[in-house]
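Chain and residue survey
One-letter residues, chain by chain:
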Amino acid sequence: MAVVKLPNTPGPIGVFDSGYGGLTVLRELRRLLPQYDYLYLGDNARAPYGSRSFELIYQYTREAVTYLFQHGCHLVILACNTASAKALRNIQQKDLPVLDTSRRVLGVIRPTAECVGNISRTRHIGILATAGTINSNSYNLEINKLYPDIHVEGHACPMWAPLVENFELDNEGTEYFVQKDIQLLMDKDKDIDTIILGCTHYPLLLPLIQKHIPKNVTVIPQGRYIASSLKDYLFRHPDMAKKCTSTGTCRYLTTENNIIFDRSACRFMQHDVQSQHIELTEYNMPCEY
Ligand code: DGL
């Protein structure tokens, strides 16, 4: 019944995000695990995902994962909290059994949730993320599964990802939204001592975030936790590690114009980026269920 033919030879690790945000994760992956090959896919043409419906985020993410599988990846990291919150479970439970039971898709919420237990002293944690991630309650659920004593308060920042996607990183308008949203989160719970940036776009706003965060509050960008969790995963799954090629390369794909992508991506990565434009829609319904 499946009509997708997937290559069986080893391939790069796929890294997917709605746009540029996943580059903050990719940077940390390459820093910690430079030996592997990576294939980054940004769905910039359809970003931001944050306010989109469950159905659309699932459909877009499934198209991207299928594309990455078809282009050699055996392991795909959803370097996007919104996709991890809205699509990961369905992809793992409904799609992988049909596409290929030996391939894996991992998200970013669980590894981030794991790290907070040792950081918060007050046991009050704040989450700043997209509306999709906040409304899914994924962080509350994951954190409380691991640490039932932690109180989690979330606040959606619908303007932040679009500002980052448009590279508006340090102007007055951006600062207004950053300050306002941090204040709104802290107003909900004054005991918060740890804030998770639960959107991979947000580390790009770190200078402004640091400026407006209360002094006693620790900010957690996710990238390095995701990287160390992947390192641990590959160590525990040597069979999967063998399916990931390791010549240290990185290729970039975007659904936007590739010249526009390259211009912004090189500022995120701090080196030249040459991407390739791809279309995802043809991967919409790759299988007959
Ligand atoms: N970077 C994504 C995340 O981590 C999504 C941002 C968006 O597309 O709205 O949630």
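Report follows, based on the coordinates. Residue numbers run consecutively from 1 along every chain, following the written order of its sequence. Confidence filtering applies because this is a predicted model: local features only for residues at pLDDT of at least 70, side-chain atom pairs given and counted only at 80 or more, and all residues used for totals across whole chains, interfaces and linings. Side-chain measures here rest on the full set of heavy atoms in the structure, leaving out hydrogens and waters.

On to the site of the ligand, then. Residues in close proximity to the ligand total 13 residues, the closest being Ser18, Tyr49, Gly50, Thr82 and His201. Polar contacts here mean pairs of N or O atoms no more than 3.5 Å apart (in protein, one a potential hydrogen donor and the other a potential acceptor; neighbouring residues in sequence count only if both atoms are side-chain atoms). In this structure, an oxygen atom belonging to the ligand sits 2.8 Å away from a main-chain N or O atom of Asn81. Contact between the ligand and Thr82: an oxygen atom at 2.6 Å from a side-chain N or O atom of the residue. Summarising the interface, the protein chains cover 99% of the accessible area of the ligand, which totals 300 Å² for the free molecule. Whether a residue is near a molecule or strand is decided by its heavy atoms; if any one of them lies within 4 Å of it, the residue is near. Throughout, the Shrake-Rupley method with a 1.4 Å probe supplies accessible areas, and for residues the shown protein chains are the sole cover considered.

Further remarks concern the sheet that holds strand β2 (residues 38–42). With respect to topology, six strands assemble into an open sheet ordered β4-β3-β1-β2-β9-β10, the strand pairing being parallel. Two strands bound the open sheet, and with one partner strand each, they are β4 (104–106) and β10 (275–277). Across the sheet, the mean angle from the axis of one strand to that of its neighbour is 20°, orientation sign disregarded. Alignment of strand β9 (residues 250–254) against β10, held across three bridges, turns out to be parallel. From the neighbouring strand, Thr254 faces β10, where its bridge partner is His277. By definition in these notes, contact holds between two residues if any of their heavy atoms fall within 4.5 Å. Simply put, an axis is a line fit to the C-alpha atoms, just over the touching stretch for a helix, and the angle between two N-to-C directions goes from 0 to 180 degrees. A run of DSSP states H or I qualifies as a helix once it reaches four residues; a run of E qualifies as a strand once it reaches two. Both are numbered from the N-terminal end. Of the strands in this sheet, β1 (13–17), β3 (75–78) and β4 are in contact with helix α11 (residues 223–236), which crosses β3 at around 155°. One requirement defines pairing of two strands: DSSP has to find at least two bridges between them.

In this section: the side chain of Glu175. With respect to the element layout, Glu175 can be found in helix α9 (residues 172–188). Here's how the labels work: a residue is buried when its accessible area is under 20% of the maximum for its type, exposed when over 50%, partly exposed in between, all with a 1.4 Å probe on protein chains only. Accessibility expressed as a relative area gives 19% for Glu175, which makes it buried. For Glu175, the side chain forms a polar contact with the side chain of His212, separated by 2.7 Å. Apart from residues no more than four positions distant in its own chain, Glu175 is found in contact with Leu208, Lys211 and His212.

On to helix α1 (residues 22–32), then. Looking only at α1, the buried set comprises Gly22, Leu23, Thr24, Val25, Leu26, Glu28 and Leu29. On its buried face, α1 is in contact with β1, β2, α11, β9 and α13 (258–269).

With that out of the way, let us pick up the environment of Leu128. Within the secondary structure, Leu128 sits in strand β5 (residues 124–129). For the pair formed by Leu128 and Ile109, sequence separation is 19 residues and the distance between their alpha carbons is 13 Å.

For a regular strand, side-chain orientation follows a simple rule: the groups alternate between the two sheet faces. Burial of β1 is extensive: five of the five residues sit out of reach of the surface. Of the two faces of β1, both are covered, the one formed by Ile13, Val15 and Asp17 as well as the one formed by Gly14 and Phe16. Two elements, β1 and β2, share five bridges in a ladder whose sense is parallel. When the bridges of β2 are listed, Gly14 appears paired with Leu39. Crossover handedness for the path β1 to α1 to β2: right-handed. Direction of pairing for β1 relative to β3: parallel, over a ladder of three bridges. Within β3, the residue paired with Gly14 across the bridge is Val76. Handedness rule for crossovers: strands pointing away from the viewer, path from the first strand over the helix to the second running clockwise, crossover right-handed.

Once that is clear, we can look at the environment of Ile109. In this structure, Ile109 sits in helix α5 (residues 109–116). Once residues lying within four places of it in the same chain are set aside, the contact partners of Ile109 are Asn81, Ser84, Ala85, Ser138, Tyr139 and Glu142.

Okay, the nonpolar core next. Counting 53 residues, the largest nonpolar core has Leu75, Ile209, Leu230 and Leu234 as its most contacted members. No other element matches the five residues that α11 contributes to this core. Once residues within four sequence positions are removed from consideration, Leu75 is found in contact with Pro12, Ile13, Gly14, Arg104, Leu106, Leu230, Tyr233, Leu234, Met240 and Cys244. Tyr49, Tyr58, Val65 and Ile91 belong to the second-largest nonpolar core, a separate cluster that totals 27 residues. In plain words, nonpolar cores are sets of buried Ala, Val, Leu, Ile, Met, Phe, Trp, Tyr and Cys residues tied together by side-chain atoms within 4.5 Å.

On to the packing of α5 against α11, then. Taken N-terminus to C-terminus, the directions of α5 and α11 make an angle of 105°; their axes are 9 Å apart at the nearest point. Classified by the angle their axes make, α5 and α11 are roughly perpendicular. Contacts from Pro111, Thr112 and Cys115 in α5 reach Tyr225, Ile226 and Ser229 in α11. Tallied by class, residues from the contact of α5 with α11 come to four nonpolar, two polar and no charged. The scheme is simple: roughly parallel for angles under 35 degrees, roughly antiparallel for over 145, roughly perpendicular for 65 to 115, oblique for anything else. Just so you know the grouping, Ala, Val, Leu, Ile, Met, Phe, Trp, Tyr, Cys and Pro go in nonpolar, Asp, Glu, Lys and Arg go in charged, and all remaining residues, Gly too, go in polar.

For the rest of this paragraph, the subject is the packing of aromatic side chains. Here a Phe, Tyr or Trp ring, Trp counted by its six-membered ring, pairs with any other such ring whose centre lies within 6.5 Å, and the pair is stacked when the planes are under 30 degrees apart, edge-to-face when over 60, and tilted otherwise. This structure, assessed with the given rule, holds 11 aromatic pairs. When the ring of Tyr20 is compared with that of Phe261, the centres are 5.4 Å apart and the planes differ by 25°; the resulting orientation is stacked. Highlighted residues: Tyr20 in the loop between β1 and α1 and Phe261 in helix α13, separated in sequence by 241 residues. For Tyr20, a relative accessible area of 3% corresponds to the buried category. Each ring, one from Phe167 and one from Phe268, has its centre 5.2 Å from the other, and the planes form 75°; the classification is edge-to-face. Remark: Phe268 occurs in helix α13 and Phe167 occurs in the loop between α8 (160–165) and α9; sequence separation between them is 101 residues. By the ring-pair criterion, three or more aromatic residues cluster together here, those being Tyr20, Tyr40, Phe167, Tyr252, Phe261 and Phe268. Two limits define a charge over a ring: the Lys NZ or Arg CZ must be within 6 Å of the ring centre, and within 35 degrees of the ring normal. Stacked on the ring of Tyr60, the Lys or Arg Arg46 has its end atom at 3.7 Å from the ring centre. One Lys or Arg, Arg103, reaches over the ring of Phe69 and ends 5.7 Å from the middle of that ring.

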